[in-house]
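What follows is the residue order along each chain.
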Amino acid sequence: MNELHVPSERKAMLTERFGKSAENMKNVPGCLEFLFLDNEKEDGKQVVFTKWESKNDYENWLESDAFKRAHQQKGSRDKPAAPSNELQAYTVAHSSRSENES
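As a starting point, this report considers the structure included with it. (Residues numbered from 1 in each chain as written. Predicted model: local features only at pLDDT ≥ 70, side-chain atom pairs only at ≥ 80, totals over all residues. Heavy atoms only, no water.)

### Some thoughts on the side chain of N2
So, step 1. With respect to the helices and strands, N2 occurs in strand β1 (residues 2–5).
So, step 2. Side-chain polar atoms of N2 contact the side chain of N85, separated by 2.8 Å.
So, step 3. Ignoring any residue separated from it by four or fewer positions in sequence, one finds N2 in contact with Q46, V47, V48, N85, E86 and L87. (Helix = DSSP H or I, 4+ residues; strand = E, 2+ residues; numbered from the N terminus. Polar contact = N/O pair within 3.5 Å; in protein donor to acceptor, adjacent residues only side chain to side chain. Contact = heavy atoms within 4.5 Å.)

### Quick notes on the sheet that holds β1
So, step 1. Taken in spatial order, the 4 strands make up an open sheet running β2-β3-β1-β4, and their pairing is antiparallel. Of all the strands in the sheet, just β2 (31–38) and β4 (84–87) have a single pairing partner and so form its edges. On average, each strand axis in the sheet is inclined to that of its neighbour by 15°, with strand direction left out of account.
So, step 2. One ladder, built from 4 bridges, connects β1 with strand β3 (residues 45–52); its direction is antiparallel. Each residue of the ladder has a partner; that of N2, found in β3, is V48. (Pairing = 2+ DSSP bridges. Axes fitted to C-alpha atoms, helices over the stretch in contact; angles between N-to-C directions.)

### A closer look at the pattern of salt bridges
So, step 1. Applying the stated criterion across every chain yields a total of 6 salt bridges.
So, step 2. The shortest N-O distance in the salt bridge between D38 and K11 comes to 3.9 Å. With D38 in strand β2 and K11 in helix α1 (residues 11–25), this pair connects stretches of sequence that are 27 residues apart.
So, step 3. Overall, the relative accessible area of 16% leaves K11 in the buried class.
So, step 4. Between D43 and K11 there is a salt bridge; the shortest N-O distance is 2.9 Å. With D43 in the loop between β2 and β3 and K11 in helix α1, the pair connects residues that are 32 residues apart, well separated along the chain.
So, step 5. Given the relative accessible area of 45%, D43 is considered partly exposed.
So, step 6. Among the charged side chains, a network of salt bridges with common partners joins K11, D38 and D43. (Salt bridge = Lys/Arg side-chain N within 4 Å of Asp/Glu carboxyl O. Buried < 20%, exposed > 50% of the residue type's maximum accessible area, 1.4 Å probe, protein only.)

### Comments concerning the pairing of β1
So, step 1. Side chains of β1 alternate between two faces, with N2 and L4 buried and E3 and H5 left unburied.
So, step 2. Bridge analysis of β1 against β4 gives 4 bridges, and the strand direction is antiparallel. From the neighbouring strand, E3 faces β4, where its bridge partner is E86.

No statement about biological role is implied by the geometric values presented.
Written out as structure tokens, the structure is:
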């Protein structure tokens, strides 16, 4: 999960940008789920949640050209949409998901 700290004037732009990313993530090998979440209590926070088949799949995506293109600054004067963030990584300890689910 990547918690983005977003100024209110950039929230709509970031929401739109990640809407496009959601479609692209369907084609990334090993990506099981992609969610872009608005924090209900704190207006300046949004979360990118991805779930992966394996840590290796996630690391391959981080090294991919698609990831680099999606995260490059458009120009040296452009401010980042989210000036700061906090990246969290978790492994599944328990799940209610049955083994028959895909």
